[in-house]
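Geometric and topological summary
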Amino acid sequence: MPTVDDVLEKVGEFGWFQKQAFLTLCLVSAAFAPIYVGIVFLAFTPDHRCLSPGVAELSRRCSWSLAEELNYTVPGPGPAGEPFPGQCRLYEVDWNQSALSCEDPLAGLAANRSHLPLGPCRHGWLYDTPGSSIVTEFNLVCDDSWKVDLFQSCVNVGFFLGSLGVGYIADRFGRKLCLLATTLISAISGVLTAIAPDYISLLLFRLLQGLVSKGSWIAGYTLITEFVGPGYRRTVGILYQTAFTVGLVLLSGLAYVIPQWRWLQMTVSLPTFLFILYYWLVPESPRWLLSQKRNTQAIKIMDHIAQKNGKPAPADLKMLSLEEDVTEKLSPSFADLFRTPHLRKHTFILMYLWFSSSVIYQGLIMHVGATGGNLHLDFLYSALMEFPAAFIILITIDRVGRVYPLAVFNLMAGTACFVMVFISHDQHWLNIGVACVGRMGITIVFQMVCLVNAELYPTFIRNLGVMVCSSLCDLGGIITPFLVFRLMEVWQGLPLMLFAALGLIAGGMALLLPETKGVALPETIEDAENLRRKAKPKEKTIYLQVQTSELPGT
């Protein structure tokens, strides 16, 4: 009896139908970018200072320039540990008193300004920006600056919890239903985020969007890889992730044109309601239908694919069946991931690689956003580096292998972070150039670890292994905002030192993994202990079925 792959070989592995479905589903991947790293624009922190009653009137009376007003009325640098008191403290001075002169008004109050008492910003802040962000609207600065970290951590908590539940929904109720439900909820929660009246509701809507948005990305990935033939699945999977990069580029342009965070959030959320059209544009996966014994519907969809591709349906199409693997009858358990020495070693290494990749990837984006000169251009330049990253992956995985590129690009990312520590803030372009190199390296690592993770586990625990190990990616995303922004308060280079250490250690640990290029995927735990066999013809099919469970790297 023919399988789906057998039929696709005759009607087209990547014909007109698959190309149309691929381009359609890539929109889901692109729409995920603003959710994943939108914090850079939604929560940017501009230069700010305390609002002091009476200063504005005095400045107008004295015809001060902005520089003079700041020099006369804002505290200067403070002691170590409090480098920017001017942003969070004000002089305890009554600026409305008529005795103040226009020439150094504080000179008559104290011989040395450092002797003047400082107080908290009781009346709010002034922000030097033409736009707005959640920081400027909800005053998330100084003692409340940690709330920005929590805002991004909430979406990563949603990723972590949602990837487990949404995966079950996709397997139980179908990929198409999962895609439709998650994209609709994500669109609604995105709009609710844009109109959130207060910080608490903002967090709740952000968490809700995280719960479903990553699931919609995975559902789209699963559908497109199950529509194409074995020879195209790996390429299609990598290009689907490249669509995420297209979303990053578009996000930088939109953020430049729309500097108000509520309108920006609304702009990236409203178009996703159009994904409901997938009900008519994208069919259910025939592979999933066969797994549910709904053969008649699967046959109808395969016949539709043949018609779209301009090919006649095979004569034996009505005998379509799902190729079964006897190993699937084994019951996987969490303990299997640590049962043998090699599996145990591989699991711990992969967990660390997922964690370090997430921290460095998101950390570099946040650090550049917080320290760069031009927020939009810096974000754009680093995003563009993800395009050559996809090309490098395509040309190296089957020629060079997996382990050495994984190690080299981890070392590249770690070294780039280390070099950035010693680059002067005045050398902006050099700093951005090195950051782009690090961004390209960690992007390659992110996509490489997806591939390696699936290839190191036996069939019956492969999905479990990918799910458990990749969950460290979301845990890394939860703590990254706190690592970046809190450590920068101590020293701007401290987060980079941490990223460098994580990357360099990851490069060394990657070399401890076995090379899987040209090696058959393990089917049993015994096979996983010895990955030196030559590839079987079935390798491609098994690998690509597992690839549908991958999580996004960018």
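Looking up the protein chain in an unreviewed UniProt entry gives the name Solute carrier family 22 member 1, with the organism given as Equus asinus. One UniProt comment on the protein chain, placed under Sequence similarities (unreviewed entry), says "Belongs to the major facilitator (TC 2.A.1) superfamily. Organic cation transporter (TC 2.A.1.19) family."

The next subject is the overall build of the protein chain. From N to C terminus, the protein chain includes 24 helices and 4 strands. Radius of gyration (C-alpha) of the protein chain: 27 Å, near the 24 Å computed for a compact globule of 554 residues. Principal-axis analysis of the C-alpha atoms places the extent of the protein chain at approximately 100 × 45 × 40 Å. Counting the 554 residues in the protein chain, one finds 58% classified as buried. In the protein chain, of all internal contacts separated by at least 6 residues, the share reaching a separation of at least 24 is 81%. As displayed, the protein chain has an accessible area near 23400 Å², and 64% of this comes from carbon and sulfur atoms.

This part takes up helix H22 (residues 494–510). Taking 1.5 Å per residue, 17 residues should reach 24 Å; H22 reaches 24 Å between its end C-alpha atoms and fits that length. Within the sequence span of H22, burial applies to Pro-495, Leu-496, Phe-499, Ala-500, Leu-502, Gly-503, Ala-506, Gly-507 and Ala-510. Projected down its long axis, H22 carries its buried residues within an arc of 165 degrees, all on one side.

A few words on the packing of aromatic side chains. Taken as a whole and assessed by the stated rule, the structure comprises 22 aromatic pairs. Between Tyr-36 and Tyr-361, the aromatic rings sit 6.3 Å apart at their centres with planes inclined by 40 degrees, giving tilted as the arrangement. Note that Tyr-36 is positioned in helix H2 (residues 16–37) and Tyr-361 in helix H16 (residues 341–371), a separation of 325 residues in sequence. Here the basic side chain of Lys-147 rests over the ring of Tyr-199, its NZ or CZ set 5.5 Å away from the ring centre. Above the ring of Tyr-279, the side-chain terminus of Lys-176 is found at 5.0 Å from the ring centroid.

Another point: unusual backbone geometry. Of note in the backbone geometry, Ser-63 takes a positive phi value of approximately 55 degrees without being a glycine. Looking at the element boundaries, Ser-63 is found in the loop between helix H4 (55–62) and helix H5 (66–73). Positive phi outside glycine occurs at Cys-142, with the angle close to 55 degrees. Residue position: Cys-142 is located in the loop between helix H7 (134–138) and helix H8 (146–173).

Moving on, we get to the state of the cysteines. Taken as a whole and assessed by the stated rule, the structure comprises 3 disulfides. Note on cysteine connectivity: Cys-62 is disulfide-linked to Cys-102, with sulfurs 2.0 Å apart. The chirality of the disulfide connecting Cys-62 with Cys-102 is left-handed, given an S-S dihedral of about -75 degrees. Of this pair, Cys-62 sits in helix H4 while Cys-102 sits in the loop between strand E2 (89–91) and strand E3 (118–120), and the two are 40 residues apart along the sequence. Cys-102 gets classed as partly exposed once you look at its relative accessible area, which sits at 25%. The side chain of Cys-88 participates in a disulfide bridge whose partner is Cys-142; the two sulfur atoms lie 2.0 Å from each other. The disulfide joining Cys-88 to Cys-142 has a torsion of about -95 degrees about its S-S bond and is therefore left-handed.

This brings us to the side chain of Ser-145. Mapped onto the elements of the fold, Ser-145 is located in the loop between H7 and H8. You can call Ser-145 buried: its relative accessible area is 13%. Beyond its immediate chain neighbours, meaning those up to four positions away, Ser-145 contacts Leu-140, Arg-486 and Glu-489.

What follows deals with the nonpolar core. The biggest cluster of nonpolar side chains holds 150 residues, and the ones touching the most others in it are Tyr-36, Ile-134, Tyr-240, Leu-350 and Leu-513. Counting residues in hydrophobic clusters, the runner-up holds 12 residues, among them Trp-64, Tyr-91, Leu-100 and Ala-110.

Looking now at empty space enclosed by the protein. Across all of its chains, the model carries 5 cavities of 30 Å³ or more by this definition. Computed from the structure, the largest cavity encloses a volume of approximately 180 Å³. Lining the largest cavity are 17 residues; nearest its centre among them are Ala-31, Ile-35, Ser-186, Gln-209 and Thr-272. It is H2 that provides the largest number of residues to the lining of the largest cavity, a total of 5 residues. Of the residues belonging to the lining of the largest cavity, the class tally is 8 nonpolar, 8 polar and 1 charged.

Angle between the axes and distance between the axes: these two values describe a pair of packed helices. Two elements in contact, helix H17 (residues 375–384) and helix H20 (residues 428–455), have axes separated by 8 Å at closest approach and are oriented at 35 degrees. Read as a crossing pair, H17 and H20 show a hand that is right-handed. In this structure, H17 uses Asp-378, Tyr-381, Ser-382 and Ala-383 to contact H20, whose residues at the interface are His-428, Trp-429, Ile-432, Cys-436 and Arg-439. Here the residues of the contact of H17 with H20 are counted per class, giving 5 nonpolar, 2 polar and 2 charged.

Moving on: the pattern of salt bridges. Counted by the stated rule, this structure contains 13 salt bridges. In this structure, the salt-bridge partner of Glu-226 is Arg-175, at a minimum N-O distance of 3.0 Å. Taken together, the residues Glu-226 in helix H10 (residues 199–227) and Arg-175 in helix H9 (residues 175–194) connect sequence positions 51 residues apart. A salt bridge links Glu-386 to Arg-439; the shortest N-O distance between them is 2.9 Å.

Next up on the list: a nonpolar patch on the surface. The grouping of Leu-184, Ile-188, Leu-270, Phe-273, Leu-274, Ile-276, Leu-277, Tyr-279, Trp-280 and Leu-281 at the surface amounts to a nonpolar patch, some 1000 Å² of accessible area in total. It is helix H13 (residues 278–281) that contributes the most residues to the nonpolar patch, 3 residues altogether. With a relative accessible area of 38%, Ile-188 lands in the partly exposed category.

Now for the packing of helix H19 (residues 403–421) against H20. Axis separation between H19 and H20 bottoms out at 8 Å; the angle between their running directions is 150 degrees. The angle between the axes of H19 and H20 places the two elements in the roughly antiparallel class. In the packing of H19 onto H20, the handedness of the crossing is left-handed. Of the residues in the contact of H19 with H20, the class split is 18 nonpolar, 4 polar and no charged.

What follows is about the confidence of the model for the protein chain. When pLDDT is averaged along the protein chain, the result is 85; 90% of the residues meet or exceed 70. Within the protein chain, helix H24 (residues 539–547) has the poorest average pLDDT of any element, 39, and helix H12 (residues 261–269) the best, 97. For the stretch residues 324–329, pLDDT sits under 50, and the model shows 9 contacts to residues farther than four places along the chain or on other chains. Within the model, pLDDT remains below 50 along residues 533–554, and this stretch shows 79 contacts once partners closer than five positions in the same chain are excluded.

What counts and how
Residues numbered from 1 in each chain as written. Predicted model: local features only at pLDDT ≥ 70, side-chain atom pairs only at ≥ 80, totals over all residues. Heavy atoms only, no water. UniProt positions renumbered as here; feature names shortened; annotations may be inferred. Helix = DSSP H or I, 4+ residues; strand = E, 2+ residues; numbered from the N terminus. Rg over C-alpha atoms; globule rule 2.2 N^0.38 Å. Buried < 20%, exposed > 50% of the residue type's maximum accessible area, 1.4 Å probe, protein only. Contact = heavy atoms within 4.5 Å. Areas by Shrake-Rupley, 256 points an atom, 1.4 Å probe, with all protein chains shown as cover. Expected span 1.5 Å × (residues − 1). Arc of directions from axis to C-beta. Phe/Tyr/Trp six-rings, centres within 6.5 Å; stacked < 30°, edge-to-face > 60°. Lys NZ or Arg CZ within 6 Å of the ring centre and 35° of its normal. Disulfide = S-S within 2.5 Å. Core = buried A, V, L, I, M, F, W, Y, C linked by side-chain atoms within 4.5 Å. 1 Å grid on protein atoms, 1.4 Å probe; cavity = no way out; pocket = protein on both sides within 12 Å on 5 of 7 lines; lining within 4 Å. Points joined across faces, edges and corners; volume = space filled by probe spheres on them. Nonpolar A, V, L, I, M, F, W, Y, C, P; charged D, E, K, R; others polar. Axes fitted to C-alpha atoms, helices over the stretch in contact; angles between N-to-C directions. Left-handed = near helix turned anticlockwise from the far one by under 90°. Salt bridge = Lys/Arg side-chain N within 4 Å of Asp/Glu carboxyl O. Patch = residues over 30% accessible without salt bridge, like charges linked within 9 Å, V, L, I, M, F, W, Y side chains within 5 Å. Parallel < 35°, antiparallel > 145°, perpendicular 65-115°, else oblique. pLDDT = per-residue confidence, 0-100.

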